[in-house]
Amino acid sequence: MASRVNDENVVLFFDTTLRDGEQSPGATLSSAEKLEIARQLARLGVDIIEAGFPAASPDDLAAVQRVAREVGTPDGPVICGLARAVDKDIIACWEGVKDAAKPRIHTFLGTSDIHLKYQTGLSRAEALEVVRKAVTLARSFTDDVEFSPMDAGRTDSQFLVEVCAVAVACGATTLNIPDTVGYVTPQEWHETIANLIAETPGAGKGSGVVWSVHCHNDLGLATANSLAGVLAGARQVEVTINGIGERAGNTSLEEVAMALQTRAPYYNLKTHINTREIVKTSRMVSNYTGMHVQPNKAVVGANAFAHEAGIHQDGMLKHASTYEIMTPESVGWTQSRLVLGKHSGRHALKVRLQELGYELDKDQLNHIFGRFKALADAKKNVTDADLEALMTDELNRPTEFFRLQDIQITSGTMGMPTATARLVDIDGREFVQAAVGVGPVDACYKALDAVIRCPNTLIEYSVHSVTEGIDALGEVTVRIALPDGSRSFGGYGADKDVIVASVKAYLAALNRLMASTGYGEHKPEGSAATLGVAAAQSGS
Ligand code: KIV
Ligand code: ZN
């Protein structure tokens, strides 16, 4: 795979799902999840993965290092880390990426008058000096350095040229121009990028410098602005899967990739994206982050290829081109293939999972085989979507401070839905609690709360069926927040019983919360199993 090329006809994809995407409120990912997503991004064919912000925390640094070592192979993507234009960030960033075969340092500084005045308090002259020092330091570590003038969309155009000229003179090889607050229009952005390419000394056509665009979606224009940048000469786009990111998000990888492919005669540009991996990547990111994809989302929404109106259905039956500009298969939507059933063996499961992109060791295979068998017993045909949901459930496990042993629910029209949960903590101690709630899920969550005693507010709960039919596997995602609302944590669970899936999802979110706030704070007292009705009425 080509990673960093100066081919004028290739648009490089710089994926920042693991950095800007992870900045979406509540989308915290564990280091194992980041690694799994990075592997999938490599299969998708992205050229550069921005794996995180190493100076932000020791966990971020460790996650970037893991991605650099395991995904940053010589034939894999460039692995990049983000660093503010300060020495300590740049040094931490290098620590994060240096083990990749192709490491990149991405450093940035706010350059608009608004950012200079209110955020950094720097004069323009001082800002130029900061850029000079930062890029020079980054270049002392690696010859692949990217510089971003943050809030370029609101930066004075002449000053923007000066900043970019300094960055290039100090050795920046990629100049990324961010519309940080999603403010610009496509026409303006085209002019900005064209002007920068024409006016920045040492960075014009043939200079080897790659121009890049990084757009946010506050006015719903991120994809349009990114494509306008490409038309003006940018040859790198910074994107995220499903468009997740700060506030209204970043440019969606899938939208830009499919625009370039579907309108190839118009753009006349190539990419290295294997578009058939798009849907799988989208599902993985949505499951791991707990951020659902809206049904009408372009390319990856559940309705993106659904035809409802009679006249549309009539046209589709006559010829798909009447109402479809790209095929569902081209982005990886498969008909729910009926692949495996209860007579399928371990080998068939292993091969099918490999085809779906999952490499499992013996223990993992044995474990998933047990779950597959249980599912196949309950459900005649196990589809690819079922397998993906099982794998997400399996791989998406945070450190298990508590794991579910058993759950028993009684509910119905006679009142008092009651749940009894048996949990085992990380020290092997068993806890049993019963609780009454307004419904079965509420009762289960109260039983878990009675053991774990980890104050939180449930801010989101959603159930989806993986496939159609009464025997479909249910997926549940939840989001819980700390009582002061300062942080939130997502959890995912899949099971043929939606109540069990709900419990798994809540427990996953609680385990994540404990991983970040410290298990010790919530460790229950006593080692013996306890049994009691935790809450006799809802709300208690
Ligand atoms: O939006 C932005 O400006 C960024 C920079 C750090 C590139 O994410
Ligand atoms: Zn951004």
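Here goes a summary of the coordinates provided. (Residues numbered from 1 in each chain as written. Chains lettered and ligands numbered in written order. Predicted model: local features only at pLDDT ≥ 70, side-chain atom pairs only at ≥ 80, totals over all residues. Heavy atoms only, no water.)

## Considering the coordination of the zinc ion (ligand 2)
Line of reasoning, step 1. The coordination sphere of the zinc ion (ligand 2), as far as protein atoms go, consists of Asp-20 (OD), His-214 (NE2) and His-216 (NE2), spread over 2.0 to 2.1 Å.
Line of reasoning, step 2. Here the donor residues of the zinc ion (ligand 2) are spaced in sequence according to D-x193-H-x1-H. Here the residue Asp-20 occupies a position in the loop between strand S1 (12-15) and helix H1 (31-44), and His-216 occupies one in the loop between strand S7 (210-215) and helix H8 (222-232), the gap between them amounting to 196 residues. In this pair, the class of Asp-20 matches that of His-216, namely buried. (Donors = N, O, S within 2.8 Å, 3.2 Å for Na, K, Ca; no water. Helix = DSSP H or I, 4+ residues; strand = E, 2+ residues; numbered from the N terminus. Buried < 20%, exposed > 50% of the residue type's maximum accessible area, 1.4 Å probe, protein only.)

## Some details on the packing of aromatic side chains
Line of reasoning, step 1. This structure, assessed with the given rule, holds six aromatic pairs.
Line of reasoning, step 2. Aromatic side chains Tyr-445 and Tyr-461 sit 6.5 Å apart centroid to centroid with 75° between the ring planes, which places their arrangement in the edge-to-face category. Of this pair, Tyr-445 sits in helix H16 (residues 440-452) while Tyr-461 is found in strand S14 (residues 457-465), placing the two residues 16 residues apart along the sequence.
Line of reasoning, step 3. On the basis of relative accessibility, which here comes to 6%, the residue Tyr-445 falls in the buried class.
Line of reasoning, step 4. Note on Tyr-461: relative accessible area 33%, which makes it partly exposed.
Line of reasoning, step 5. Taken together, the ring pairs connect Tyr-445, Tyr-461 and Tyr-506 into an aromatic cluster.
Line of reasoning, step 6. When the ring centre of Tyr-266 is taken as reference, the NZ or CZ atom of Arg-263 above it lies at 5.5 Å. (Phe/Tyr/Trp six-rings, centres within 6.5 Å; stacked < 30°, edge-to-face > 60°. Lys NZ or Arg CZ within 6 Å of the ring centre and 35° of its normal.)

## So, the site of ligand 1
Line of reasoning, step 1. Surveying the vicinity of ligand 1 reveals the residues Arg-19, Asp-20, His-106, Phe-108, Ser-148, Met-150, Asn-176, Pro-178, Thr-180, His-214 and His-216.
Line of reasoning, step 2. In this structure, an oxygen atom belonging to ligand 1 sits 3.0 Å away from a side-chain N or O atom of Asp-20.
Line of reasoning, step 3. The contact in question runs from an oxygen atom of ligand 1 to an N or O atom on the side chain of His-214, over 3.1 Å.
Line of reasoning, step 4. For ligand 1, whose unbound accessible area comes to 260 Å², protein coverage reaches 95%.
Line of reasoning, step 5. Spatially, ligand 1 is embedded in the second largest pocket.
Line of reasoning, step 6. Where the shell around ligand 1 is concerned, the elements lending two or more residues are strand S4 (103-110), strand S5 (145-150) and strand S6 (174-179). (Near = heavy atom within 4 Å. Polar contact = N/O pair within 3.5 Å; in protein donor to acceptor, adjacent residues only side chain to side chain. Areas by Shrake-Rupley, 256 points an atom, 1.4 Å probe, with all protein chains shown as cover. 1 Å grid on protein atoms, 1.4 Å probe; cavity = no way out; pocket = protein on both sides within 12 Å on 5 of 7 lines; lining within 4 Å. Sits in = over half its atoms within 2 Å of the grid points.)

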